[in-house]
Amino acid sequence: MVEIRDLRVSYEGEEVLHGMDAHFPKGKISVIIGPNGSGKSTTIKAMMRLVASDSGSVEIDGEPVSSLSQTELARKMAYIPQGRNVPDITVNRMVMHGRFPYLSYPRRYRPEDHEMVRKALEWVGLTDLAHKKMSQLSGGQRQKVYLAMTLAQDTGVILMDEPTTYLDIRNQFELLDRARLLAKEGKTVIMILHDLESVLRYADHVVLMDSGSVTASGTASEVLASEALKKAFGIELSFIETEDGVHCFVKR
Ligand code: ADP
């Protein structure tokens, strides 16, 4: 369980998160939605302490992240940033990075680190590509490598900033299915998504942000049908139920 209380963040003196409150339950997929510039990435970065907060708190299972060392934090929370540069290293080496928080100086991998990496690669189905360079992979394969890296990091909380961007529809579903499995194992999965169909299909808990504040939270169907959503995006959705679930359409 992750809890954000009254979080305020500014860039160069200009406040962009205005006292944000949210909770993200354990063993569930939580999705943060909201228009561009509403503060979603800043929230995730503040959770990881990649940007400083002016006030407020972020707690993991009741423990403030501000009281943790960098290494302690990296053992509790893993982060997959959006669209990153592709490093010129092999898949195996990339996933090994997930073990950094567990190594003492000088970094020397132990047999258990290699075993965790092997299992993580197996879990995402990339064992055969372990010695390929990251630059030789497709976007979908790369996202799986990052997922394997967070698995190797063995954290209770996983943050993903727009993990499905640039993926084709099949790879999107594959990634989200894996995220769902991770949640089922008891991890707290928190992601930013734009595709509202995926939100309906995969989110257990949705947090809607608008202009630096949370304006609605709850189940996907509650939040997507809310006035707050209409206000945030300036659109209205209508829903249709079919035998494979509920779908949403933009009303004009
Ligand atoms: P979202 O992820 O919802 O698109 P962001 O968290 O990226 O929103 O941005 C929230 C606000 O903060 C926006 O107004 C954006 O312009 C501003 N912002 C984001 N990053 C920076 C930065 N590094 N410096 C200054 N302003 C920033």
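Residues numbered from 1 in each chain as written. Predicted model: local features only at pLDDT ≥ 70, side-chain atom pairs only at ≥ 80, totals over all residues. Heavy atoms only, no water.

All right, on to the site of the ligand then. In the neighbourhood of the ligand, the contacting residues comprise Tyr11, Val16, Pro35, Asn36, Gly37, Ser38, Gly39, Lys40, Ser41 and Thr42. At 3.0 Å, a backbone N or O of Gly39 approaches an oxygen atom of the ligand. Separating an oxygen atom of the ligand from a backbone N or O atom of Ser41 is a distance of 2.8 Å. In the complex, the protein chains occlude 57% of the 560 Å² of accessible area that the ligand would expose alone. In terms of residue count, the dominant contributor to the shell around the ligand is helix 1 (residues 40-47) (three residues). (Near = heavy atom within 4 Å. Polar contact = N/O pair within 3.5 Å; in protein donor to acceptor, adjacent residues only side chain to side chain. Areas by Shrake-Rupley, 256 points an atom, 1.4 Å probe, with all protein chains shown as cover. Helix = DSSP H or I, 4+ residues; strand = E, 2+ residues; numbered from the N terminus.)

Look at Arg49: it is not a glycine, yet its phi comes out positive at around 60°. The residue Arg49 is located in the loop between helix 1 and strand 4 (55-60) in this model. Assessed through its relative accessible area of 28%, Arg49 is described here as partly exposed. For Asp154, which is not a glycine, the phi torsion comes out positive at approximately 55°. Inspection of the secondary structure assignment puts Asp154 in the loop between helix 5 (139-153) and strand 7 (157-161). (Buried < 20%, exposed > 50% of the residue type's maximum accessible area, 1.4 Å probe, protein only.)

This brings us to the packing of helix 4 (residues 111-123) against helix 5. Axis separation between helix 4 and helix 5 bottoms out at 9 Å; the angle between their running directions is 140°. As far as their axial angle goes, helix 5 and helix 4 are oblique. Viewed along their axes, helix 4 and helix 5 form a crossing whose handedness is right-handed. Here helix 4 contributes Met116, Val117, Ala120, Leu121 and Trp123 to the contact with helix 5, which in turn contributes Leu147, Ala148, Leu151 and Ala152. Of the residues contributing to the contact of helix 4 with helix 5, the split by class is nine nonpolar, no polar and no charged. (Axes fitted to C-alpha atoms, helices over the stretch in contact; angles between N-to-C directions. Parallel < 35°, antiparallel > 145°, perpendicular 65-115°, else oblique. Left-handed = near helix turned anticlockwise from the far one by under 90°. Contact = heavy atoms within 4.5 Å. Nonpolar A, V, L, I, M, F, W, Y, C, P; charged D, E, K, R; others polar.)

Assigned domains of the protein chain: these are domain 1 (1-76 + 157-172 + 181-224) and domain 2 (86-154). Measuring from the centre of the C-alpha atoms in domain 1 to the corresponding centre in domain 2 gives 24 Å. With 13 residues of domain 1 in contact, the opposing surface of domain 2 contributes 12 residues. Buried area between domain 1 and domain 2, both sides added, is near 970 Å², and the carbon and sulfur share of it is 61%. The interface formed by domain 1 and domain 2 contains zero salt bridges. At the junction of domain 1 and domain 2, the tally comes to three residue pairs in polar contact (both at pLDDT 80 or more). Where the side of domain 1 that touches domain 2 is concerned, the elements lending two or more residues are helix 2 (70-76), strand 7 and helix 6 (169-184). Of the residues in the side of domain 1 that touches domain 2, the class split is seven nonpolar, two polar and four charged. (Domains from an automatic or database assignment. Buried area = accessible area lost by both parts, 1.4 Å probe. Salt bridge = Lys/Arg side-chain N within 4 Å of Asp/Glu carboxyl O.)

The next subject is the sheet that holds strand 3 (residues 29-33). Ordered by their spatial adjacency, six strands build an open sheet running 6-7-8-3-9-10, and the pairing between neighbours is mixed. Bordering the open sheet on either side are strand 6 (77-80) and strand 10 (213-218), each of which pairs with just one other strand. Strand-to-strand twist of the sheet, defined as the mean angle between neighbouring strand axes without regard to direction, takes the value 15°. Note: strand 7 against strand 8 (residues 188-192), five bridges, orientation parallel. (Pairing = 2+ DSSP bridges.)

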